[in-house]
Amino acid sequence: MRKLTALSLLLFLAACSMPSTVVRTPETRPSLAFEGAPDGAVLFLDGVRVGDANRYDGQPNTLLVEPGTHTVTVKGADGAVLLEKKVFVESELKVLKVH
């Protein structure tokens, strides 16, 4: 009888585990998207090469950046500057048009 009581108590305690909670917060960093960047255009952020500008077209990819002022440069495949701009981003998506 003692073994049955001990086993029942053990099963009861095992069934009473604590609930687990997962909290996910949305990304709140600002982001940049580049509209109209031609194939082969290269994106530079604060003088650092980031990659192909048309990769960050906003559908669905955007470039996450830190809040503040950034220098954005987009160069064509031939090295010509297509866009050079200082932008201030705080917490939103900013879309830049490349001509």
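Check the entry above for the structure.
Residues numbered from 1 in each chain as written. Predicted model: local features only at pLDDT ≥ 70, side-chain atom pairs only at ≥ 80, totals over all residues. Heavy atoms only, no water.

Engineer: Tell me about the overall build of the protein chain, and name the residues and values.
Structural biologist: Each helix and strand in the protein chain was counted, giving one helix and seven strands. Secondary structure of the protein chain in N-to-C order comes out as α-β-β-β-β-β-β-β. In the protein chain, buried positions account for 27% of the 99 residues. By sequence separation, contacts in the protein chain at least 24 residues apart represent 52% of the contacts at least 6 residues apart. A total accessible area of about 7400 Å² is found for the protein chain, and carbon and sulfur atoms account for 56% of it. (Helix = DSSP H or I, 4+ residues; strand = E, 2+ residues; numbered from the N terminus. Buried < 20%, exposed > 50% of the residue type's maximum accessible area, 1.4 Å probe, protein only. Contact = heavy atoms within 4.5 Å. Areas by Shrake-Rupley, 256 points an atom, 1.4 Å probe, with all protein chains shown as cover.)

Engineer: Lay out the sheet that holds strand β7 (residues 93–97) in plain terms, naming residues and giving numbers.
Structural biologist: Read from one edge of the open sheet, three strands run β4-β1-β7, paired in mixed fashion. At either margin of the open sheet sits one strand with a lone partner, and together these are β4 (63–64) and β7. (Pairing = 2+ DSSP bridges.)

Engineer: Tell me about the sheet that holds strand β3 (residues 48–52), and name the residues and values.
Structural biologist: The strand order across the open sheet built from four strands is β3-β2-β5-β6, with neighbouring strands paired in antiparallel fashion. Sheet topology places β3 and β6 (81–89) at the edges, where each strand pairs with a single neighbour. Across this sheet, the average inter-strand angle for adjacent strands is 25°, counted without regard to direction. (Axes fitted to C-alpha atoms, helices over the stretch in contact; angles between N-to-C directions.)

Engineer: How would you explain unusual backbone geometry if you had to name every residue and give the values?
Structural biologist: Residue P60 is reached from Q59 by a cis peptide bond, and omega for that bond is 0°. Tracing the chain through its elements places P60 in the loop between β3 and β4. Of note in the backbone geometry, D46 takes a positive phi value of approximately 55° without being a glycine. Relative to the helices and strands, D46 is located in the loop between β2 (42–45) and β3. The exposure class of D46 is partly exposed, given its relative accessible area of 42%.

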